[in-house]
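Overview (structure and organization)
Here is what each chain is made of, one letter per residue.
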Amino acid sequence: MTSTTTNTTTAAATTATLQPLLHDEVAVIAAPTQAWSGRDGAIGANPVHGYWTGDQRFVSAVRVSVEHSAVEPVAVVPAGAREVVFSGLLRGLDGTGADPDVRLDRRRTVRIDGVAERLRITDRLQGPGASTAELVVTVRLTPDAAGMDAVKAGHGPEPVPADASEQTASWTSGSVRVRLDAPGASVRVEDGDVVLRWRTERAHEVDLAWDCAVETPDAVVTGVTTPRPFDVPAGVQDDRLRRWLERATDDLDALRLARPEGEFIAAGAPWFFTLFGRDAIWAARFLLPVDTSTAGGTLRVLAALQGTADDPATAEQPGKIMHELRQASLPVDNDEISLPPLYYGTVDATALWACLLHDAWRAGLPDAEVEALLPTLERALAWMRDHGDADGDGLLEYVDESGRGLANQGWKDSGDSVQWRDGTLADGPIALCEVQGYAHEAAVHGADLLDAFGRPGGDEWRTWAARLADRFRDAFWVADDIGRYPAIALDARKRPVDSATSNIGHLLGTGLLTPDEEAVVAARVVSPDLASGFGLRTLSTTAAGYWPLSYHGGTVWAHDTAVVITGLTRSGHHDEARVLSEQLLAAAVAFDFRMPELHAGDDASAVTRPAPYPAACRPQAWSAAAAFPVWVALR
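Residues numbered from 1 in each chain as written. Predicted model: local features only at pLDDT ≥ 70, side-chain atom pairs only at ≥ 80, totals over all residues. Heavy atoms only, no water.

Side note on the pairing of strand S4 (residues 56-66)
- Of all 11 residues in S4, 9 are buried, a share of seventy percent or more.
- Where strand S3 (residues 50-53) hands over to S4, the hairpin turn is made up of 2 residues, of which Gly54 adopts a positive phi near 60°.
- Alignment of S4 against strand S9 (residues 134-143), held across 7 bridges, turns out to be antiparallel. Note that in S9 the partner of Ser65 across the bridge is Thr138. (Buried < 20%, exposed > 50% of the residue type's maximum accessible area, 1.4 Å probe, protein only. Helix = DSSP H or I, 4+ residues; strand = E, 2+ residues; numbered from the N terminus. Pairing = 2+ DSSP bridges.)

Take a look at the structure:
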C-alpha cells in the first residue's frame with residue numbers, strides 16, 4: 001500500500017500540515033464506514049476524527065455537554081470492532097459524599113451505512129421520592145466534506161451547510177447524502193453546527209440517541225451483511241493466541257467489502273478502507289486454513305479488474321493485477337505523487353494472485369471456480385514474461401514511467417525502502433528479491449494448475465521458472481560479517497543492493513532456493529540483527545539506514561513476519577517459525593490483540609513492550625490475518 005509517512009523539509013513545519021497520529025485514537029469500523037475519536041469519546045481534537053464513509057468524511061466533530069456538569073472520562077470498553085462504550089462521570093450532578101452518583105455511558109455503533117450513538121445517564125439519586133430536576137443535554141455535530149487525502153496530509157475540516165427540521169437534519173458531503181435523526185431532541189443549525197438539545201427530567205435512567213445514515217450512490221465498493229465465512233479455530237489452548245484470533249476474526253469481519261464479483265477484505269483503517277490487490281491477496285491467503293471463500297471472492301474481484309491495455313499514467317498493462325481502487329485520484333506526499341482512481345503500480349500482485357489461486361485450489365476451492373479463473377491465470381503468467389521482465393534479463397523489475405506514481409512498487413513502497421548497507425538509495429529500475437520468489441512460485445504452481453485442468457503451457461512455465469532460479473542464484477547473493485544472504489534487490493546497473501532485510505524471508509517456501517539456501521535464510525531471519533523479540537525487523541540493525549521507527553527501514557510489520565513464518569513452516573523450518581510466532585504473540589499482547597500496521601523495531605532485551613509507530617493504521621487486514629499463520633506454526 002502507499003506509504004503512510006509524510007516527509008517535512010523545513011524545521012518550520014507544524015502539526016497543522018503533518019499526517020495525523022493514530023496510536024491513541026479509538027476506531028470503530030464496519031466497512032466502508034468508520035468513526036474515529038479520542039479515548040474520551042469526543043470527536044474533533046485530532047484531524048482524523050470524525051464519521052467517515054469510504055474516503056469521505058461527513059462529520060468532523062461531535063461534542064456532548066450536560067448542563068451543570070463536566071463529563072469526566074473513566075473508561076473505554078470495546079464491544080467488538082463495530083461498537084465501543086465510553087464511560088464517564090457527571091460529578092457536577094452528584095450529591096454529598098465521596099462516591100460518584102451519576103454516570104454517562106456513551107455507546108457508539110458503526111454499521112455499513114452510518115453511525116449511531118446512544119447516551120445513557122444513570123443516576124442513583126433518582127430513586128423513589130427523589131425531587132424532580134431538569135436534565136439538559138446538548139450535542140453539537142459539525143457536518144464536513146473533507147476527503148481522506150486532505151486529512152491524511154494534515155489539512156483541516158471542510159464544513160458544509162445543513163438543513164434542520166424538528167428532530168432531523170440533512171446535508172451533503174461530496175457525493176454522500178446524510179440524514180440525521182435525533183428522537184426527542186430539538187434540532188437546529190447554529191454557527192454551522194447541527195445542535196441537538198434534549199430537556200427532560202432527571203431519572204434513574206435516561207436514554208438519548210442520534211443516528212447518522214448515509215447514501216453513497218457512486219461508491220466503488222460496498223459493505224456486506226452476509227455471515228462471516230471464517231471463525232476462530234477450535235481447541236486453541238494458548239490464551240494469548242486465542243484472544244488474538246478472536247480480535248482478529250472480529251476485525252477482519254468488519255473489514256469485509258464487496259464488488260459485484262464477490263467479497264474481499266479492505267486493507268485497513270483509516271487510510272486504506274478499500275481494495276488493495278496485494279493486501280487483499282495476503283489476507284485471503286493467511287485465512288486459507290479456515291476459509292477458501294474469501295480467497296475465491298478476492299480472486300474474482302481482481303480478475304475482473306485485470307489490465308487489458310498499456311497505459312503509463314495508470315501503470316496498467318495487459319494481464320497485470322491492480323494495486324489500488326479509489327473513488328477519485330489520490331494525491332500522495334503533498335501532491336508530488338498522484339495516483340489515479342484505478343492504479344496498477346505494483347510489481348508483485350500479479351504473481352501473488354497466481355499463488356493464491358493455486359493455494360486456494362489446494363485448500364479446497366471448488367474446481368469449477370478455479371477453472372473459470374484459468375484464463376486470468378494465463379494472462380497473469382504472460383504479464384510476468386512480457387511486461388514484468390521489461391529488459392528481458394530473466395528477472396522481474398519495476399520503474400514508474402509516469403513520474404506521478406509510486407517510485408517503489410513492492411510491498412515496501414516508501415521512497416527510501418530500497419537502500420544500500422551504507423544508507424544510500426538504490427536507483428531504478430529495481431528488481432526486488434522477493435518478487436523473484438513470488439514469480440517462481442507462480443510459474444511452477446501455475447503450471448500445476450494448467451496440467452491439472454488439461455490446458456497447455458505447463459512445461460514452458462517450469463522451464464521459465466528454472467531459468468529465473470539460475471539467474472537469481474548468480475546475481476543476488478551477498479555477504480556481511482554475519483554470513484551470506486540474498487540482497488534486497490538489483491539496481492539499475494544490475495548490482496546487488498547489499499542491505500540485509502526481511503524481504504529475504506519471503507523467498508522461503510517459494511521453490512526459488514535450494515534446501516541449503518533456505519537453511520541459510522532461515523537462520524538469518526531469527527538472528528538478533530533482524531529478529532527484534534517482537535517480530536522481524538524490515539531492515540537489519542547492521543545497516544547504516546536502520547532506525548527503529550523508520551517505516552520500512554527498521555520497524556516490524558506483523559504481516560511481513562507472518563509471511564516469513566508461513567515460508568518457514570512450508571520449508572520445514574518449524575523451530576524458526578515458532579521463534580518468530582512467539583515474538584509476534586508478545587507484540588499482540590502489548591497491543592491488546594489488535595495488531596497495528598507496524599510497530600517499532602526496538603529490541604525486546606531493552607524494552608518490555610514495543611513502542612507504537614504513531615501513524616500506523618489499525619485495524620489492518622494483513623496484520624489481523626497474521627494471527628492465522630502463527631496459529632498454524634504453533635499447532
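Quick notes on the layout of surface pockets
- Its boundaries defined by the atoms lining it, the largest pocket holds a volume of some 790 Å³.
- As for the largest pocket, its lining consists of 30 residues, of which Arg247, Phe591, Asp592, Arg594 and Arg618 are closest to the centre.
- Those elements that provide at least two residues to the lining of the largest pocket are strand S1 (26-30), strand S5 (72-78), strand S6 (83-89) and helix H2 (239-254).
- Per-element accounting of the lining of the largest pocket gives the leading share, 4 residues, to H2.
- Taken together, the residues that form the lining of the largest pocket break down as 16 nonpolar, 2 polar and 12 charged.
- What the second largest pocket holds in volume is close to 400 Å³.
- If you go around the second largest pocket, you meet 24 residues; those closest to its centre are Thr53, Gly54, Asp55, Gln56 and Gln327.
- Here the residues of the lining of the second largest pocket sort into 10 nonpolar, 10 polar and 4 charged. (1 Å grid on protein atoms, 1.4 Å probe; cavity = no way out; pocket = protein on both sides within 12 Å on 5 of 7 lines; lining within 4 Å. Points joined across faces, edges and corners; volume = space filled by probe spheres on them. Nonpolar A, V, L, I, M, F, W, Y, C, P; charged D, E, K, R; others polar.)

What to know about the environment of Asp101
- Tracing the backbone through its elements, the reader meets Asp101 in the loop between S6 and strand S7 (102-111).
- Assessed through its relative accessible area of 6%, Asp101 is described here as buried.
- Taking the C-alpha atoms as reference, Asp101 lies 59 Å from Ala407; in sequence the two are 306 residues apart.
- With residues near it in sequence (within four places) discarded, Asp101 still touches Asp94, Gly95, Thr96, Thr122, Asp123, Arg124 and Leu125.
- Of note is the side chain of Asp101, whose polar atom sits 2.8 Å from the backbone nitrogen of Gly95.
- At 2.5 Å, the side chain of Asp101 and the side chain of Arg124 are in polar contact. (Contact = heavy atoms within 4.5 Å. Polar contact = N/O pair within 3.5 Å; in protein donor to acceptor, adjacent residues only side chain to side chain.)

Some words on the nonpolar core
- Counting 154 residues, the largest nonpolar core has Trp244, Trp353 and Met384 as its most contacted members.
- Setting aside anything within four residues of it in sequence, one finds Met384 in contact with Ala351, Asp389, Leu396, Ala439, Ala442, Ala443 and Trp464.
- Counting residues in each nonpolar core, the second largest holds 45 residues, with Val84, Val137, Trp171 and Ala185 among its members. (Core = buried A, V, L, I, M, F, W, Y, C linked by side-chain atoms within 4.5 Å.)

What to know about the packing of aromatic side chains
- Taken as a whole, this structure holds 12 aromatic pairs when the rule is applied.
- Ring centres of Trp361 and Phe453 lie 5.9 Å apart, and the angle between their planes is 50°; this geometry places the pair in the tilted category. Taken together, the residues Trp361 in helix H5 (residues 349-363) and Phe453 in the loop between helix H8 (433-452) and helix H9 (458-475) connect sequence positions 92 residues apart. Each member of the pair, Trp361 as well as Phe453, carries the same accessibility label: buried.
- Taken together through their ring pairs, the aromatic side chains of Trp411, Tyr551, Trp557, Tyr613 and Trp622 make up a single cluster.
- Note that Arg524 overlies the ring of Tyr485, its terminal NZ or CZ placed 4.9 Å from the centroid.
- Over the ring of Trp631 we find Arg635, and its NZ or CZ is 4.2 Å from the ring centre. (Phe/Tyr/Trp six-rings, centres within 6.5 Å; stacked < 30°, edge-to-face > 60°. Lys NZ or Arg CZ within 6 Å of the ring centre and 35° of its normal.)

Thoughts on the sheet that holds strand S23 (residues 431-432)
- Strand order in this open sheet of 3 strands is S23-S26-S27, and the pairing throughout is antiparallel. Only two strands of the sheet have a single partner each, and these edge strands are S23 and strand S27 (496-497).
- Here strand S26 (residues 489-490) runs beside S27; their pairing, made up of 2 bridges, is antiparallel. By the bridge assignment, Leu490 is partnered in S27 with Pro496.

Some words on H5
- Counted at 1.5 Å a residue, the expected span for H5 with its 15 residues is 21 Å, and the 20 Å between its end C-alpha atoms agrees.
- Across the 15 residues that make up H5, a large majority, 13, are buried.
- A positive backbone phi angle near 120° is found at Gly364, which sits one or two residues after H5. (Expected span 1.5 Å × (residues − 1).)

Focus on the environment of Asp191
- Positionally, Asp191 belongs in the loop between strand S13 (186-190) and strand S14 (193-201).
- On the basis of relative accessibility, which here comes to 79%, the residue Asp191 falls in the exposed class.

Thoughts on the pattern of salt bridges
- Here the structure, examined in full by the defined rule, presents 54 salt bridges.
- Its salt-bridge partner being Asp193, residue Arg63 comes within 2.9 Å of it at the nearest N-O pair. Taken as a pair, Arg63 in strand S4 and Asp193 in strand S14 lie far apart in primary sequence, 130 residues in all.
- Classification of Arg63 by relative accessible area gives partly exposed; the value is 35%.
- Asp193 sits in the buried class, given a relative accessible area of 10%.
- A salt bridge links Arg242 to Asp239, with the shortest nitrogen-to-oxygen separation between them at 2.1 Å. Of the two residues, Arg242 and Asp239 both sit in helix H2, 3 residues apart, roughly one turn of that helix.
- Among the residues examined, Arg242 registers a relative accessible area of 29% and is labelled partly exposed.
- For Asp239, a relative accessible area of 37% corresponds to the partly exposed category.
- One connected set of salt bridges, linked through shared partners, spans Arg63, Arg140, Arg188, Glu190 and Asp193. (Salt bridge = Lys/Arg side-chain N within 4 Å of Asp/Glu carboxyl O.)

A few points about empty space enclosed by the protein
- Considering all chains together, one arrives at 2 cavities of 30 Å³ or more under this definition.
- What the largest cavity holds in volume is close to 90 Å³.
- Lining the largest cavity, in full, are Trp282, Arg285, Tyr438, Glu441, His506, Leu508, Gly509, Thr510, Val563, Thr566, Gly567 and Arg570.
- Among the secondary structure elements, those contributing two or more residues to the lining of the largest cavity are helix H3 (277-286), H8 and helix H11 (558-570).
- Top element by residues in the lining of the largest cavity is H11. It accounts for 4 residues.
- Taken together, the residues that form the lining of the largest cavity break down as 4 nonpolar, 5 polar and 3 charged.

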